[in-house]
Every structure is written in structure tokens, then in C-alpha cells.
Amino acid sequence: RGKRAFIAGVADDNGYGWAIAKQLAAAGAEILLGTWVPALNIFESSLRRGKFDESRILPDGSLMEITKVYPLDAVFDNPDDVPEDIKSNKRYLGSSKWTVKEVAESVKEDFGSIDILVHSLANGPEVVKPLMETSRYGYLAAISASSYSFISLLQHFAPIMNPGGASISLTYIASERIIPGYGGGMSSAKAALESDTRVLAFEAGRKHRLRVNTISAGPLRSRAAKAIGFIDMMIDYSSANAPLPKELSAEEVGNVAAFLASPLASAITGSVVYVDNGLNAMGVGV
Ligand code: NAI
């Protein structure tokens, strides 16, 4: 039986989530996506109109099939959490059942179970502000969207994940080294995500026989990264200073995600796996 994957955080064909979906599809997995509610319409209409067809081409020449796209807002766990202004927001009115609990219930209803859970989402409203200037609201919002969202997804999906299943998130080295410009509490959010990867590996491993890992990825010119504003500089810095002086492709991260989700990685859990051309190993720039 082929494996089934749910990938949260895909709204175009430029980010890590899309690349991970592709490599999982190439390895034979069935693909379900969770797309942020405000981005859902444009993503689905672009898919329908064939805008992503070139990016959907798999190594064997076939097109990646996306079995279903679920609306998702991972900062809300259940309908009681949703404030009035979001409920009545016109970008949310057209969709329903997009809180984490409801999405897990819908996936269970539609498919029964999954094998692979991918968290490829982050948001920090004050990411361009230095940590020293970050508000309490901005900091907690970064943690909510970028760290707790993973706990919530695993909490709600673990009961429908088959034993031997795997979950993967995406993190960034700003959690452990100073990266000026990655502000708003996003560095803190990634530190939390990495620590939670270890604790959740223990809890989900003992309770559900699931594995929990995170990929510390190098810089990619995704939509989210462009919003931070320093992505071209980070890409140039990496090419100039990393042991492998080449641009990182999203596909390279997708490949490692496919490995981590496979039985080849059956003894790897609680790990932060670097996919960054080795930049993390450098002590000084050259
Ligand atoms: P992306 O823009 O492709 O993905 C981020 C996704 O998160 C978007 O699709 C957005 O709609 C979604 N999202 C935001 N808030 C959400 C919410 N409340 N509920 C559901 N979805 C929500 O960008 P990228 O860069 O591929 O990001 C994926 C992951 O990779 C993130 O965790 C990011 O921090 C991480 N990462 C990115 C790096 C880069 O240089 N691009 C480097 C290292 C890690």
C-alpha cells in the first residue's frame, strides 16, 4: 500500500512544502495539502488553470497528483478559538472546517489515516523588527503560528497516523546562532520548534510509534522568505561561505524529507537535520 501524506503550508510552487510534496509523490505517496485560508482561492484557481503544471512534472514525466486541498489556519485549534473578526472576514467566509481539529477530522472522514505529516509553515507579523523592539503580541503570534502550530497538528493528527509514521517540520539556524534580520521572535519560535521536536519525539514515539524530526534548511527565495527582506543577501552569503558553494534547491530539501519519512530513516527521531550546503558547520565567514 502506498503511503499518504498531509502537508501543511503549501500555497504556491516556490516553497519547501511544494518541493517536499513533489519528492513524496515521486516516491509513491498520495498527497493531501493544507493551505492557509486567505491563500486558498488563488492557489486552487492557479492549480485548476494549469499554472503549476510545469512544476508538477515528476522524474518519470508524469504530473504530481494532489488528491485534496484542505483549507487550514493553524493558529486556531477548534471553532471556539476563532474570534468574530476572523469569522466574518470575507476571505474566511467562503471556507469551512479549517481549524486544526476540524481538518484532522475531515482527513479521517475522507481517508481514515495518514502516514506522513509535514509542517512547512511559519508566520511572524513583526519579523522585520529586531527582537529588542518586538511587542508581546508580535512575539506570541510568531510562536503561535510557527511553533505551537506544529504541536497542535501532531496532537490532532497522531491518533490517525499509522504506526511507523513520520512527521517533519522546517527550521532555521537562527534558532541557535545570531542571524541579524530574522526578528520578531522568529528566532525564538524556531528554538522552541527544535526543542519541541525532541520532546514530541519521545512522547509520540512511546505513545504512537511515530517519528518526529525537523530539517534545518538553508535559504530559499520563497514567498515567506521574500517577506523577511534579506533573502538575496542570505543566499549570496551562503554561496560565498558554505563548504558547498552552490545555491540550495528546494528539491534537495524535498529529497531529505522523503528520506526522513521513509523506512530508511526508521531509527532517526528527535533530530535536527541540516540541509544547508554545510553552512552550519562554519565558524567564521571566508
Ligand atoms: P512558503 O511561503 O512557501 O511557506 C509558508 C506557508 O505558510 C505559506 O504557504 C503560508 O500560506 C503558510 N501559512 C502562514 N501562516 C499560516 C497559518 N496560520 N496556517 C496555515 N498556513 C499558514 O515559505 P517557505 O520559506 O518554504 O516556508 C516553509 C517553512 O520553511 C517555514 O517553516 C520556514 O520558516 C522554513 N524555512 C524557510 C527558509 C527559507 O529560506 N525560505 C529557511 C529555513 C526554514
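(A) Broad picture of the site of the ligand. Taken together, 28 residues lie around the ligand, and Tyr 16, Ala 74, Lys 190, Leu 220 and Ser 222 are the ones closest in. Contact between the ligand and Leu 220: an oxygen atom at 2.8 Å from a main-chain N or O atom of the residue. In the model, an oxygen atom of the ligand is placed 2.6 Å from a nitrogen or oxygen of the Ser 222 side chain. For the ligand, whose unbound accessible area comes to 820 Å², protein coverage reaches 93%. Broken down by secondary-structure element, the contributors of at least two residues to the shell around the ligand are strand S5 (161-171) and helix H8 (223-228). No other element matches H8, which puts three residues into the shell around the ligand. Among the residues making up the shell around the ligand, the classes are represented as 18 nonpolar, seven polar and three charged.

(B) Geometry of the pairing of strand S4 (residues 114-119). Counting buried positions along S4 yields six of six residues, so the element is predominantly enclosed. As paired elements, strand S1 (residues 4-8) and S4 share four bridges and run parallel to each other. By the bridge assignment, Ile 7 is partnered in S4 with Val 118. Bridge count for S4 against S5 is five bridges, and the pairing is parallel. By the bridge assignment, His 119 is partnered in S5 with Ser 169. Handedness of the crossover joining S4 and S5 through helix H6 (residues 136-157) is recorded here as right-handed.

(C) Summary view of the environment of Leu 131. Counting through the fold element by element, Leu 131 comes out in the loop between S4 and H6. The spatial distance from the C-alpha of Leu 131 to the C-alpha of Ile 231 is 18 Å, given a sequence separation of 100 residues. The residues touching Leu 131, leaving out its near neighbours within four places in the chain, are Tyr 139, Gly 185 and Ser 188.

(D) Highlighting the environment of Ile 178. The residue Ile 178 is located in the loop between S5 and helix H7 (186-208) in this model. Classification of Ile 178 as exposed rests on a relative accessible area of 78%. Separated by 35 residues in sequence, Ile 178 and Ile 143 place their C-alpha atoms 18 Å apart.

(E) Fine view of the pattern of salt bridges. The tally for this structure, following the rule as stated, stands at ten salt bridges. In this structure, Asp 110 engages Lys 68 in a salt bridge whose closest nitrogen and oxygen atoms are separated by 2.8 Å. Residue Asp 110 is found in helix H5 (residues 100-111), and its partner Lys 68 is found in strand S3 (residues 66-72); the two are separated by 42 residues along the sequence. The closest approach of N and O atoms between Lys 246 and Glu 252, which form a salt bridge, is 2.7 Å. By relative accessible area, Lys 246 is classed as partly exposed at 32%. Taking relative accessible area as the criterion, Glu 252 reaches 27% and is therefore assigned partly exposed. Among the charged side chains, a salt-bridge network with shared partners connects Asp 53, Arg 56 and Glu 65.

Definitions and cut-offs
Residues numbered from 1 in each chain as written. Predicted model: local features only at pLDDT ≥ 70, side-chain atom pairs only at ≥ 80, totals over all residues. Heavy atoms only, no water. Near = heavy atom within 4 Å. Polar contact = N/O pair within 3.5 Å; in protein donor to acceptor, adjacent residues only side chain to side chain. Areas by Shrake-Rupley, 256 points an atom, 1.4 Å probe, with all protein chains shown as cover. Helix = DSSP H or I, 4+ residues; strand = E, 2+ residues; numbered from the N terminus. Nonpolar A, V, L, I, M, F, W, Y, C, P; charged D, E, K, R; others polar. Buried < 20%, exposed > 50% of the residue type's maximum accessible area, 1.4 Å probe, protein only. Pairing = 2+ DSSP bridges. Right-handed = clockwise from strand over helix to strand, strands pointing away. Contact = heavy atoms within 4.5 Å. Salt bridge = Lys/Arg side-chain N within 4 Å of Asp/Glu carboxyl O.

By themselves, these observations are geometric and do not establish any function.
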